[in-house]
Amino acid sequence: MHSQTFDALGTRWWLESLSTEPLPLEAVLLSVTTFENAYSRFKPDSLLSTLNRERIIHNPPAEFCELLELCLSLQERTHGLWNASVGGVLNNLGYGQSAAGSVSETLASELTSSPSVVQLAGTAQLDFGGFGKGYLIDKLADLLTEHGVSEWIINGGGDIRLQSTTPIELALEHPLQEGMSVGTISLISGSLACSAPSKRSWKNDGQSHHHIISPKTGSSFTSAAGSFVTAPTALDADCAATCFLLADAESYKQLSQEFTAEYLLINNDGQFTRSTGFAGALFS
Amino acid sequence: MNASTQRTSLIVGSISIPVLIAVGIFFFIAGNKPADSTIATEPTAVPTIRVAVTSTPVAVVTAVATATPATTAAPTATAAGVATATPTPTATAQSSTYTDGTYTANTSYSVPRETNTLAVTLTVKNDIITAASATHTGFGESQGYHSSFDSSLKGTVVGKSLASFTASRIGSASLTSAAFNKALTSIKTQAGA
């Protein structure tokens, strides 16, 4: 068994090979660094920052187009609950270095991408934060498989995807109590994503804010403490974990179906709501 | 969701930034009352599955089976009903504690003026409940709680120490990042803190 840990996308990552095959660490680090340099909102030379600033990119890499198309697709699938243009709002609230912006409901008409050019009309500032980590985890999953690693665990800052032949027990971190867990979940394959506003929060002029912005209100939402979502891919789990925090209860079923996801939600009073299919075992 | 907006001015350092702050109130409830619903078993000679459907009447199901599914959440108390369980394993027994398969427990219970029925189906694989569903018939007051039960289960979380888990096996929201801390420092500077 082999394991490695490194920092990427501003957080800590862990890789484990559960079988005899070694981890292709060099290939992994190259993939991660390239991804971060291309898509980080915090790097002024990244493709994303350049697009936000110049509003046009010629001969865009295929992966960039794919990510942009995913932005529009996720916005549509979640009926606007998920929106890549929250980047501007995060800048407004102090979490970012580029221009201010507002949430755009009409991103589909403002963002056009083709193999020869990407254009961003309007004033929206894009951010891949709501799904970029999940996308990268899935990318690394493919990379590990290509390099012959048959059983593995990828943990990107607490979002996990794994492939195993025996169930792997994962702890579900308590969103309200540091160093504590609310239960465990055992997976043989698939992804677990976790989202909580408390991990990245700050005060700006006496107002509390955190990094999960509701596109509907343009501000940090205030209700749930944390979400746990299982789905086949890390991309879907990552996106769904954010959406469940923002959604009304009436939308849970639709979100579950849309992302083939099961969920566990915890509110600020320590009350949980879980789908019947969520396979976690909670402490009692 | 009720939302009201107000315009306020945000003074950051010497720069005045007009900010539109939307105040949204989310009602994060599935139904009017919490329907405490759990599916739990106890490893006794005659395993029981307690199924709570509404906040008052609870059906107690006696499972007549050679194996029962693993427990999930905390059980709730009270009441009694009439139930039979019909296990229909679809896989052969393995070395796991519980036999893989799909189990259905049927129960009916009385509430004032009517009788409700409930069928709970659980699929067990490798000692894990991989699927669960409930179908019911009922009328009137229970209906709202039924739909809550179908789509979600509720309860109170209990915390236990994470100490026994290695970091790579903990599902959590991302730890504060270097960039985030940098942004915090920048804001503090701007705000003259």
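Everything here concerns the structure above.
Just so you know, these numbers come straight off a predicted model, no measurement behind them.

Criteria and cut-off values
Residues numbered from 1 in each chain as written. Chains lettered and ligands numbered in written order. Predicted model: local features only at pLDDT ≥ 70, side-chain atom pairs only at ≥ 80, totals over all residues. Helix = DSSP H or I, 4+ residues; strand = E, 2+ residues; numbered from the N terminus. Buried ≥ 20, exposed ≤ 12 C-beta atoms within 10 Å, placed from the backbone. Contact = placed C-beta atoms within 7 Å. Pairing = 2+ DSSP bridges. Axes fitted to C-alpha atoms, helices over the stretch in contact; angles between N-to-C directions. Expected span 1.5 Å × (residues − 1). Parallel < 35°, antiparallel > 145°, perpendicular 65-115°, else oblique. Left-handed = near helix turned anticlockwise from the far one by under 90°. Nonpolar A, V, L, I, M, F, W, Y, C, P; charged D, E, K, R; others polar.

Caption draft 1: Summary view of the overall build of chain B. Assigned secondary structure in chain B consists of 2 helices and 12 strands. Looking at chain B as a whole, 30% of its 193 residues are labelled buried. Restricting the contact set of chain B to residue pairs at least 6 apart, pairs at least 24 apart contribute 46%.

Caption draft 2: Looking closely at the overall build of chain A. Looking only at helices and strands, one finds 8 helices and 16 strands in chain A. Buried positions account for 55% of the 284 residues belonging to chain A. Sequence-distant contacts, at least 24 apart, represent 57% of the contacts inside chain A between residues at least 6 apart.

Caption draft 3: Expanded view of the pairing of strand β15 (residues 271-274) of chain A. Pairing of strand β14 (residues 262-267) of chain A with β15 of chain A involves 3 bridges; the strand directions are antiparallel. Of the residues in β15 of chain A, the one forming a bridge with Leu264 of chain A is Arg274 of chain A. Hairpin geometry of β14 of chain A and β15 of chain A is characterised by an intervening segment of 3 residues between the two adjacent antiparallel strands and by a positive phi of about 80° at Gly270 of chain A. Bridge count between β15 of chain A and strand β10 (residues 153-156) of chain B: 4 bridges; the pairing is antiparallel. Bridged to Phe272 of chain A within β10 of chain B is Gly155 of chain B.

Caption draft 4: Focus on the sheet that holds strand β3 (residues 56-58) of chain A. Residues and elements named next belong to chain A. As summarised here, the arrangement of the 3 strands in space is β3-β5-β4, forming an open sheet in which the pairing is antiparallel. Single-partner strands in this sheet number two, and they are β3 and β4 (111-113). Each strand axis lies, on average, 0° off the axis of its neighbour in the sheet, ignoring direction. Bridge analysis of β4 against strand β5 (residues 117-120) gives 3 bridges, and the strand direction is antiparallel.

Caption draft 5: Inspection of helix α7 (residues 234-246) of chain A at higher detail. Taking 1.5 Å per residue as the helical rise, α7 of chain A with its 13 residues ought to reach 18 Å, and the 19 Å between its terminal C-alpha atoms agrees with that figure. Along α7 of chain A, 13 of the 13 residues are buried, which leaves the element largely enclosed by surrounding structure.

Caption draft 6: Spatial organisation of the packing of helix α1 (residues 25-39) of chain A against helix α6 (residues 132-146) of chain A. Residue and element names in this part refer to chain A. α6 packs onto α1 with a crossing angle of 155° between their chain directions and a minimal axis gap of 11 Å. The orientation of α1 with respect to α6, classified from their angle, is roughly antiparallel. Like other packed secondary-structure pairs, α1 and α6 cross with a definite hand, here right-handed. For the pair α1 and α6, contact is made by Ala27, Val28, Ser31, Val32, Phe35 and Tyr39 and by Gly132, Leu136, Lys139, Leu140 and Leu143, respectively. For the contact of α1 with α6, the per-class residue count stands at 8 nonpolar, 2 polar and 1 charged.

Caption draft 7: Molecular detail of the packing of α7 of chain A against helix α8 (residues 252-259) of chain A. Residues and elements named next belong to chain A. The N-to-C vectors of α7 and α8 enclose an angle of 170°; their axes lie 10 Å apart at closest approach. Here α7 is positioned roughly antiparallel relative to α8, judged by the angle of their axes. Side by side, α7 and α8 meet where Asp236, Cys239, Ala240, Cys243 and Phe244 of the first sit next to Tyr252, Leu255 and Phe259 of the second.

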